[in-house]
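Okay, here's what each chain looks like letter by letter:
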Amino acid sequence: MPFEFANEEPLSRVKVYVRLRPVQKPSPMIHVDDETGTVIVDVLKSSGGGPPRSTIEQSAFTVDDIIRTTNQQRAFEHCAKEYTDEFLNGYNATIMAFGQVGAGKTYTMAGDTKIHVHRGFIQRAIGQVMEEKRAHPEAGIVVYMSYLEIYEEAIKWFNEGEKQRSYGQHLLNQQSSRSHTFFTLYMERRVGRFHTEHDTIVAKLTLVDLAGAERLKKTNVERGGRMRKEACTINKSISYLETAIYALRVGQNYVPFRQGKASTLLKESLGGNCKTMIMICLWLEDCFYDETVNSLRFAQKVKFLKTYPFRNKKLDCATATKRRHLQQIANLQQEVALKDALQGRPGLSFDDLT
Ligand SMILES: Nc1ncnc2c1ncn2[C@@H]1O[C@H](COP(=O)(O)OP(=O)(O)OP(=O)(O)O)[C@@H](O)[C@H]1O
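Residues numbered from 1 in each chain as written. Predicted model: local features only at pLDDT ≥ 70, side-chain atom pairs only at ≥ 80, totals over all residues. Heavy atoms only, no water.

**Quick word on the overall build of the protein chain**
The condition that has to hold: Helix and strand definitions follow DSSP, with helices as H or I runs of at least four residues and strands as E runs of at least two, each counted in order from the N terminus. Summary of the burial criterion: residues with accessible area below 20% of their type's maximum are buried, those above 50% are exposed, and those between are partly exposed, where the area comes from a 1.4 Å probe applied to protein chains only. When checking whether two residues touch, look at their non-hydrogen atoms; a contact exists if any pair is within 4.5 Å. Per-residue and other accessible areas follow the Shrake-Rupley method at a 1.4 Å probe size, with only the shown protein chains counted as cover for residues.
Summing up its helical and strand segments, the protein chain has 9 helices and 17 strands in all. Looking at the protein chain as a whole, 44% of its 354 residues qualify as buried. In the protein chain, the proportion of contacts linking residues at least 24 apart, taken out of those at least 6 apart, comes to 70%. Surface accessibility of the protein chain: about 19,300 Å² in total, with carbon and sulfur atoms responsible for 53%.

Quick look at the structure:
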């Protein structure tokens, strides 16, 4: 079915939030300023030869907001609800979690499905869509969904949800995701005139839980074992994603999205017809200083990405055929006028049939 794209839509910037996993003793080298949404990191620099002397410099990373709450409803309302609203309004939207292992990505996206108040963004987005469907029966909202994981660079479709996901256990997380997951809702709804298909809008909402890049030394997974192989594949696919983001950021002509499955699926979300939000999950323990800095560097890169969202309208077949015919007539008229001009004939004028 053909789609119509409005061309007056503005650019949109990828929004970046940081969510902090609660910790007992946060690193003294990382300072969080909630007011300005800035995370300041102390960087030790050794200066020259002679006796070891080091100076402290600071790097500041600013994001759209910092989320400390463990309350899932509050976190959803603050960061993700607006994207579900946009989806219901006909825009493609993506909500994505990124961060090191154990930092709270799965807690944010899927939550704890056994404890109702701890359910994550996926269930809350579904709830919001169902609420809209109930409140507006005249809109005839139809929703489809798909749920897939990328495990070892192979796509596997879920039909029973999160419990089919590939998990493993290591030092940093009892239930560590070993795959990236993509949960997608597709919606069609009528707007304006109800009796024609001409006024149908369509949109896609994707909730992505990326598996966390991990330091093999810290997770201490067995050499040559399955989990080490999984970790290497995850690290490689995150690095492909970072390469694509870098290419987008510096405006390269060729962006290597197709190196990995996750980056291929995220092409539209990172630079196309989509409104996108990324939740960077941080675990501010001292021993994760390097991982925190890496995640913040990622945040700094994605926050400058631009996307081009459109309100997607679905055209019915009759309207699409009529538009195609009008375009063909205009092309033919141009061709006849060109031939007339080349052969020195007076041009024909075409009046509308009345
Ligand atoms: N914001 C938070 N509030 C409360 N608990 C949290 C929060 N973030 C994480 N946790 C807890 O930390 C643990 C690990 O979180 P989670 O499994 O979501 O990490 P992850 O980033 O998905 O890790 P992995 O990449 O290994 O799958 C869970 O037990 C979760 O309940």
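**A closer look at the site of the ligand**
How we decide: In these notes, residues near a molecule or strand are those with any non-hydrogen atom within 4 Å of it. By the criterion applied in these results, polar contacts are pairs of N or O atoms within 3.5 Å in which, for protein atoms, one can donate a hydrogen and the other can accept it, and in which residues neighboring in sequence qualify only through two side-chain atoms.
Inspection of the region around the ligand gives 18 residues, with Gly102, Lys105, Tyr107, Ser176 and Ser177 positioned closest. Between Arg21 and the ligand, the recorded distance is 3.2 Å, taken from a side-chain N or O atom to an oxygen atom. Among the secondary structure elements, those contributing two or more residues to the shell around the ligand are β3 (15–20), α2 (105–109) and β12 (173–177). Counting residues per element, the shell around the ligand draws most heavily on β12, which supplies 4 residues.

**What to know about the pattern of salt bridges**
To keep things clear, this is the line we draw: Salt bridges, as used here, are contacts in which a Lys or Arg side-chain nitrogen is within 4 Å of a carboxyl oxygen on Asp or Glu.
Tallying each qualifying case throughout the model produces 9 salt bridges. Of the charged contacts in the structure, one is a salt bridge between Arg345 and Asp340, with a shortest N-O distance of 2.8 Å. Judged by its relative accessible area of 5%, Asp340 falls in the buried class.

**Comments concerning the UniProt feature "binding site: ATP" (unreviewed entry) in the protein chain**
Note the threshold: UniProt positions are given in the numbering used here, feature names are shortened, and annotations may be inferred rather than shown by experiment.
When the UniProt feature table is mapped onto this chain numbering, "binding site: ATP" (unreviewed entry) sits at Gly99, Gln100, Val101, Gly102, Ala103, Gly104, Lys105 and Thr106. Mapping Gln100 onto the fold places it in the loop between β8 (93–99) and α2. Once residues lying within four places of it in the same chain are set aside, the contact partners of Gln100 are Lys105, Gly212, Ala213, Cys281, Trp283, Phe288, Glu291, Thr292 and Ser295. By the secondary structure assignment, Gly102 is in the loop between β8 and α2.

**Focus: a nonpolar patch on the surface**
The condition that has to hold: A patch consists of residues exposed above 30% relative accessible area that lack any salt bridge, with like charges linked at up to 9 Å and nonpolar side chains (Val, Leu, Ile, Met, Phe, Trp, Tyr) linked at up to 5 Å.
There is a patch of nonpolar side chains on the surface, built from Val142, Tyr144 and Tyr186 and spanning about 270 Å² of accessible area. A residue is classified by how much of its surface remains accessible, and Tyr186, at 34% relative accessible area, is partly exposed.

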